[in-house]
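Each chain, written out:
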Amino acid sequence: MKKQILVTGGTGYIGSHTVVELLNEGFEVIIVDNLSNSDISVLENIEKITGVKPAFEKLDLSEALQTENLFEKYRDIDAIIHFAAFKAVGESVEKPLDYYSNNLGSLLNLLSCMNKYKVSNVVFSSSCTVYGQPDKLPVTEETLRREAESPYGNTKKVCEDILQDSVAAYRNLKGIALRYFNPIGAHKSALIGELPVGIPINLVPFITQTAAGVRKELKVFGNDYATSDGSAIRDYINVVDLAKAHVVAVDRLINTNNKHDYEVFNLGTGRGLSVLELVETFQKVNDLKLNYSIVERREGDIEKIYADTTYANAELGWKATETLEDTLLSAWNWEKNVRNIK
């Protein structure tokens, strides 16, 4: 019998790619999403890629009754991957209460129902933002979490604490927190990718929309950081590589006699790349010239961060393998497909 995986936020960017990888590995998938930052058409494209159309429920997990009804309907869930959350650093600075209400509320409701309905396994979508601006790079899983630079980052930190405390209290519960670095790119089919609602808040969709003429200009936030070219440094990981790590994490929870009830893993490439280096690479591999300008730093952004992936590589048997060049090609192919650019 197929293992049943509930994927919250499953029509979103990372969620949709993870659903594809789960289906490819033979899991049965139920997607939950309120479609606040995604589109229902993603379901059709997942079916085109995999040949399977997953079950879908439109609901808001920050609403306790809706969450309860979900668990009443699906009684055979083997594991949950929890992506559903607001995720824009800048917006969280402007609307902190929205972020705390949504991001914490949805996890609390989910864990409460997991405990009540005896669903044991959860993979939590966390972030390298929990490290703040670390004193030493690269960061390992043992790097101290710092005071968050934004309300968004703080919600991830608090959610990790909630999950860890819940695992300690409820003996049936096991959890893995995956701390993402910066996901970019799209599925090689160009049928799913990052399609933000409104103005993009992540770098690569802003790059591709500028290249497509949707945006007049790309804004690079800051050129006065203490880096080689003055722009901020991040660890950019291909979204398909990231999605595959979730499949490994789910399998670890369900099918292994793992002695740990709660674990944390960094998911990145281990390579730090500046914003301007990324822009230059995109232009080179796609033979394009971008219109961009340097503007003031953005509130909530840190200077530089990248991962030490040794622990995740060894424990999970997983490693990011896609090249930056292929990743940026896939991002542009996705944008061209969305915009019907030949």
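Each remark here, short or long, concerns the structure printed above.
The rules behind each value
- Residues numbered from 1 in each chain as written.
- Predicted model: local features only at pLDDT ≥ 70, side-chain atom pairs only at ≥ 80, totals over all residues.
- Heavy atoms only, no water.
- Phe/Tyr/Trp six-rings, centres within 6.5 Å; stacked < 30°, edge-to-face > 60°.
- Helix = DSSP H or I, 4+ residues; strand = E, 2+ residues; numbered from the N terminus.
- Buried < 20%, exposed > 50% of the residue type's maximum accessible area, 1.4 Å probe, protein only.
- Lys NZ or Arg CZ within 6 Å of the ring centre and 35° of its normal.
- Contact = heavy atoms within 4.5 Å.
- Polar contact = N/O pair within 3.5 Å; in protein donor to acceptor, adjacent residues only side chain to side chain.
- Core = buried A, V, L, I, M, F, W, Y, C linked by side-chain atoms within 4.5 Å.
- Pairing = 2+ DSSP bridges.
- Axes fitted to C-alpha atoms, helices over the stretch in contact; angles between N-to-C directions.
- Arc of directions from axis to C-beta.

Go over the packing of aromatic side chains, please, and point to the residues and values.
Two aromatic rings, taken as a pair, are described by how far apart their centres are and by the angle between their planes. One pass over the structure, following the stated rule, counts 4 aromatic pairs. With centroids separated by 5.2 Å and ring planes inclined at 15°, the aromatic side chains of Phe-265 and Tyr-311 adopt a geometry described as stacked. Of this pair, Phe-265 sits in strand β11 (residues 262–267) while Tyr-311 sits in helix α10 (residues 310–316), and the two are 46 residues apart along the sequence. Judged by relative accessible area, Phe-265 falls into the buried class, the value being 0%. Owing to a relative accessible area of 33%, Tyr-311 belongs among the partly exposed residues under this scheme. Residue placement shows Arg-297 over the ring face of Tyr-225; its charged tip is 4.0 Å from the ring centre.

Could you give an account of the environment of Glu-263, naming the residues involved and the relevant values?
Considering the arrangement of structural elements, one finds Glu-263 in strand β11. Look at Glu-263 and you get buried, because its relative accessible area is 4%. With 205 residues separating them along the chain, Glu-263 and Lys-58 place their C-alpha atoms 30 Å apart. Ignoring anything within four residues of it in the chain, the contact list for Glu-263 reads Gly-175, Ile-176, Ala-177, Arg-252, Asn-258 and Tyr-311.

How would you explain the side chain of Ser-16 if you had to name every residue and give the values?
The topology assignment puts Ser-16 in helix α1 (residues 13–24). Side-chain polar atoms of Ser-16 contact the backbone oxygen of Tyr-13, separated by 3.1 Å. Excluding anything up to four places from it in sequence, Ser-16 contacts Gly-10, Thr-11, Val-42, Ile-46 and Ile-192.

Can you tell me about the nonpolar core, naming the residues and giving the values?
Judged by nonpolar contacts, the single largest core of 38 residues is most densely connected at Ile-5, Leu-22, Leu-178, Val-250, Leu-267 and Trp-318. For this core, the leading source of residues is helix α8 (residues 239–255), giving 9 residues. Excluding anything up to four places from it in sequence, Leu-22 contacts Ile-5, Val-7, Phe-27, Val-29, Ile-81 and Val-247. Leu-59, Ile-77, Ile-80 and Leu-111 belong to the second largest nonpolar core, which has 28 residues in total.

Can you lay out the sheet that holds strand β5 (residues 121–127) for me, pointing to particular residues and giving the numbers?
One open sheet accounts for 7 strands, arranged β3-β2-β1-β4-β5-β6-β11; its pairing is parallel. Each end of this open sheet is capped by a strand with a single partner; those strands are β3 (55–58) and β11. Averaged over all adjacent pairs, the angle separating strand axes in this sheet is 20°, with direction ignored. Packing against the sheet, helix α5 (residues 96–117) makes contact with β1 (4–8), β4 (79–82) and β5, and its axis sits at approximately 175° to β4.

Account for the environment of Arg-146, naming residues and giving values.
Considering the arrangement of structural elements, one finds Arg-146 in the loop between β5 and α6 (151–169). What makes Arg-146 partly exposed here is its relative accessible area of 31%. For the pair formed by Arg-146 and Ala-331, sequence separation is 185 residues and the distance between their alpha carbons is 32 Å. The contact partners of Arg-146, leaving out residues within four places of it in the chain, are Val-130, Tyr-131, Gly-132, Gln-133, Pro-134, Asp-135 and Lys-157.

Lay out unusual backbone geometry in plain terms, naming residues and giving numbers.
The omega torsion of the bond from Leu-137 to Pro-138 falls at -5°, within 30 degrees of zero and hence cis. Along the chain, the position of Pro-138 falls in the loop between β5 and α6. Despite not being glycine, Leu-35 has its phi angle at roughly 60°, a positive value. Note that Leu-35 resides in the loop between β2 (28–33) and α2 (41–50). The phi angle at Asp-287 is positive, at roughly 50°, despite the residue not being glycine. With respect to the helices and strands, Asp-287 occurs in the loop between α9 (275–286) and β13 (292–295). Its relative accessible area of 69% is what places Asp-287 among the exposed residues.

So what's going on with α2? Residues and values would help.
All of the buried residues along α2 are Val-42, Leu-43, Asn-45, Ile-46 and Thr-50. Down the axis, α2 shows its buried residues gathered within 165° of arc, on one side only. For α2, the elements touching its buried residues are α1, β2 and β3. One or two residues past the end of α2 sits Gly-51, with phi positive at roughly 80°.

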